[in-house]
Every structure is written in C-alpha cells, then in structure tokens.
Amino acid sequence: MKIFLDTANLASIKMYNDMGLVDGITTNPSLLAKEGGDPQKTMEEIVRTVKGDVSLEVVSTETLGMIDEGRRLQKYGKNVVVKCPLTAEGLKACKILTSEGIPVNVTLCFSVNQAILSAKAGAKYVSPFIGRLDDNGQDGIHLIREIHEVFQNYKFSTQILVASVRHPMHVVEAAKIGADVVTLPPDVLGKMLKHPLTDIGLKNFLADWEKLKKENPNIRI
Ligand code: E4P
C-alpha cells in the first residue's frame, strides 16, 4: 500500500519525506488556501521535494479549460498527476489528457458506478472520499470494498486512492481490503506512528540503562 500525504504544508511534507514515508502527495484548492501564500510556488516546491506522484487539481469546470490547465500543471514536473473532478466534463478531460500521456486522478468519487466510469476513462487513480461519506451517514470503507471487488473482477489498472481519511482505523481497513493508496492528512500519519506503550517501554529501557551506568560508569554503546 502506498502512503500519500493529503496536504500542501511544506514543513509536514519535508518532515515525513525525510523519514521515507511519503510515496506521493495529493493537494486540492482548499488545502492550498489553508496554507496561504502563492499557490503556484507552493505546488512547484512540492513537486520538487517529492519523488512520487503529486496530484495538482484543475479549477476549470469545462473540458477544454481542464485540458489547458492540466497541460500547464504537467510542466511543473514529470511526477505531476492532474486531478479532474468526477463530472462528464472531467471524464472527457481525463480521456484526452491520458491519451497525451498526462496521468489523471479523478477526484470527488462517491459511488462504485463513478469509479467504474473513471477507470473506463483511463484514470491512473480514482479518489473515493470515505470520510465525507461517513459524515453523510454512509459507510465509506464499504465503498472501498465494493470498488476493489469490481476492479479485481475486470482487472482494471486504475488505482484506488482512498481519500478524505479521518483516522488511523480508516487506514487499517483500507489496507485489509487491499486499496492501492491511502492519502493522509499529516495528523493521521502522526497518529499511526505513535503508541503509548512504545513511549512507556522506551522510558523504562532508558531508566534501566541509567542504573547500569551507575554500576559501570565507563560503559557506552
Ligand atoms: C483528496 O485528494 C482530497 O484532497 C481529500 O482527501 C479531501 O478530504 P477532506 O474530506 O478531508 O477534505
């Protein structure tokens, strides 16, 4: 399972990238707005910082506009994936950009049927938003299970990019199903890393080592 970070925050991207945990990045206009500053510069820097795929989203709602924006975004770097919305216009843009060798992530997917159509349009990734489905009283993880089953049936090459992830259990469930990618807000990745028993265990090991040092002042590792 690949781990992407769902953020435009450069400090978090650099921190987790230095740990070797970041396989890619997803951004969207809301995430860029949250960081403020010049969004173009931020996108360029993210593309330079991370080796893996970086999804950058179009803001046009018409096919020609999306294609135009997608071509411009792709110039930021070879690892750019153009994010198009799951609309009729977006799927048409997906088909054309894909035929030009520009990979597409179809975003705002909320149903199996939408995922099937994204695969048919040639998307590299489809992004089902599970947290927003949960918020809406539906079962986001169940959608991932269904899309995975259908994609397996037909050997679709489109990768399932689990988005709108809210907590570490979403990650566990997505991994058990076999989703290709999860994109995580940095705080969810931070929560995956931490366990109180790790902290307690380390504290005890260090305390015992201090005891040993009192008996053997010259020891070192
Ligand atoms: C995916 O690419 C989106 O950026 C993202 O996961 C949206 O999640 P949200 O529901 O937390 O805004």
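Residues numbered from 1 in each chain as written. Predicted model: local features only at pLDDT ≥ 70, side-chain atom pairs only at ≥ 80, totals over all residues. Heavy atoms only, no water.

Help me get a handle on the site of the ligand, residues and values and all.
Near the ligand you find Asp6, Thr26, Asn28, Leu31, Lys83, Phe129, Arg132, Ala163, Ser164 and Arg166, and these make up its full shell. Between an oxygen atom of the ligand and a side-chain N or O atom of Asp6, the distance comes to 2.7 Å. Asn28 places a polar side-chain atom, nitrogen or oxygen, 2.7 Å from an oxygen atom of the ligand. Relative to its unbound accessible surface of 350 Å², the ligand loses 85% to contact with the protein. (Near = heavy atom within 4 Å. Polar contact = N/O pair within 3.5 Å; in protein donor to acceptor, adjacent residues only side chain to side chain. Areas by Shrake-Rupley, 256 points an atom, 1.4 Å probe, with all protein chains shown as cover.)

I'd like to hear about the sheet that holds strand 3 (residues 53-57), residue by residue, with values.
Sheet architecture is closed into a barrel: eight strands sit in the order 1-2-3-4-5-6-7-8, paired in parallel fashion. Across the sheet, the mean angle separating the axes of adjacent strands is 30 degrees when strand polarity is ignored. Bridge analysis of strand 6 (residues 125-128) against strand 7 (residues 159-162) gives two bridges, and the strand direction is parallel. What sits directly across from Val126, in strand 7, is Ile160. In the packing of helix 4 (residues 63-74) onto the sheet, contacts are made with strand 3 and strand 4 (80-85), and the angle to strand 4 comes to roughly 160 degrees. Docked against the sheet, helix 5 (residues 88-99) engages strand 4 and strand 5 (104-109), running at close to 155 degrees with respect to strand 4. (Pairing = 2+ DSSP bridges. Helix = DSSP H or I, 4+ residues; strand = E, 2+ residues; numbered from the N terminus. Axes fitted to C-alpha atoms, helices over the stretch in contact; angles between N-to-C directions. Contact = heavy atoms within 4.5 Å.)

An account of the packing of aromatic side chains is requested, with residue identities and associated values reported.
Aromatic ring pairs are described here by two measures, namely the spacing of the ring centres and the angle between the planes. Tallied over the full model, the rule gives four aromatic pairs. Judged by centre distance (5.3 Å) and plane angle (85 degrees), the ring pair of Phe151 and Phe156 falls under edge-to-face. Take Phe151: its relative accessible area is 5%, and that puts it in the buried class. Residue class for Phe156 comes out partly exposed when judged on its relative accessible area of 23%. (Phe/Tyr/Trp six-rings, centres within 6.5 Å; stacked < 30°, edge-to-face > 60°. Buried < 20%, exposed > 50% of the residue type's maximum accessible area, 1.4 Å probe, protein only.)

Before we move on, could you go through the nonpolar core and cite the residues and values that matter?
The biggest cluster of nonpolar side chains holds 56 residues, and the ones touching the most others in it are Ile25, Cys84, Ile147, Phe151, Val162 and Leu184. With six residues, the single largest contributor to this core is helix 8 (residues 140-154). Once residues within four sequence positions are removed from consideration, Cys84 is found in contact with Val58, Met66, Gly90, Ala93, Leu97, Val104, Asn105, Val106 and Thr107. (Core = buried A, V, L, I, M, F, W, Y, C linked by side-chain atoms within 4.5 Å.)

Account for the environment of Lys95, naming residues and giving values.
Within the secondary structure, Lys95 sits in helix 5. Residue class for Lys95 comes out exposed when judged on its relative accessible area of 56%. Separated by 32 residues in sequence, Lys95 and Ser127 place their C-alpha atoms 16 Å apart.

Residues and numbers for a nonpolar patch on the surface, please.
On the surface, a nonpolar cluster with roughly 360 Å² of combined accessible area is contributed by Met15, Met19, Leu21 and Leu193. By the element assignment, Met15 lies in helix 1 (residues 10-18). Relative accessible area serves as the criterion here: at 43%, Met15 is assigned to the partly exposed category. (Patch = residues over 30% accessible without salt bridge, like charges linked within 9 Å, V, L, I, M, F, W, Y side chains within 5 Å. Salt bridge = Lys/Arg side-chain N within 4 Å of Asp/Glu carboxyl O.)

Lay out the pairing of strand 3 with the relevant residues and their values.
A large share of strand 3 lies buried, amounting to five of its five residues. Here strand 3 shows two buried faces, one formed by Asp53, Ser55 and Glu57 and the other by Val54 and Leu56. When strand 2 (residues 24-26) meets strand 3, the two strands line up parallel, connected through three bridges. Residue pairing across strands places Gly24 opposite Asp53, the latter belonging to strand 3.

Lay out the pairing of strand 8 (residues 181-184) in plain terms, naming residues and giving numbers.
Burial along strand 8 is two-sided: the residues Val181 and Thr183 and Val182 and Leu184 are all buried. Both strand 1 (residues 2-6) and strand 8 contribute to a ladder of four bridges, which runs parallel. Residue pairing for strand 8: Ile3 is matched across the bridge by Val182. In the sheet, strand 7 pairs with strand 8 via two bridges, with the strands oriented parallel. The residue of strand 8 that forms the bridge with Leu161 is Val181. Crossover handedness for the path strand 7 to helix 9 (residues 168-177) to strand 8: right-handed. (Right-handed = clockwise from strand over helix to strand, strands pointing away.)

Provide a residue-level description of the pattern of salt bridges, including the pertinent values.
In the structure shown here, the tally under the stated rule is 11 salt bridges. Across the salt bridge formed by Asp53 and Lys124, the nearest N and O atoms sit 2.8 Å from each other. You can see Asp53 sitting in strand 3 and its partner Lys124 sitting in the loop between helix 6 (112-120) and strand 6, a full 71 residues away along the chain. Judged by its relative accessible area of 16%, Asp53 falls in the buried class. Looking at Lys124, the relative accessible area reads 31%, which means it is partly exposed.

Just distances and angles here, no functional claims.
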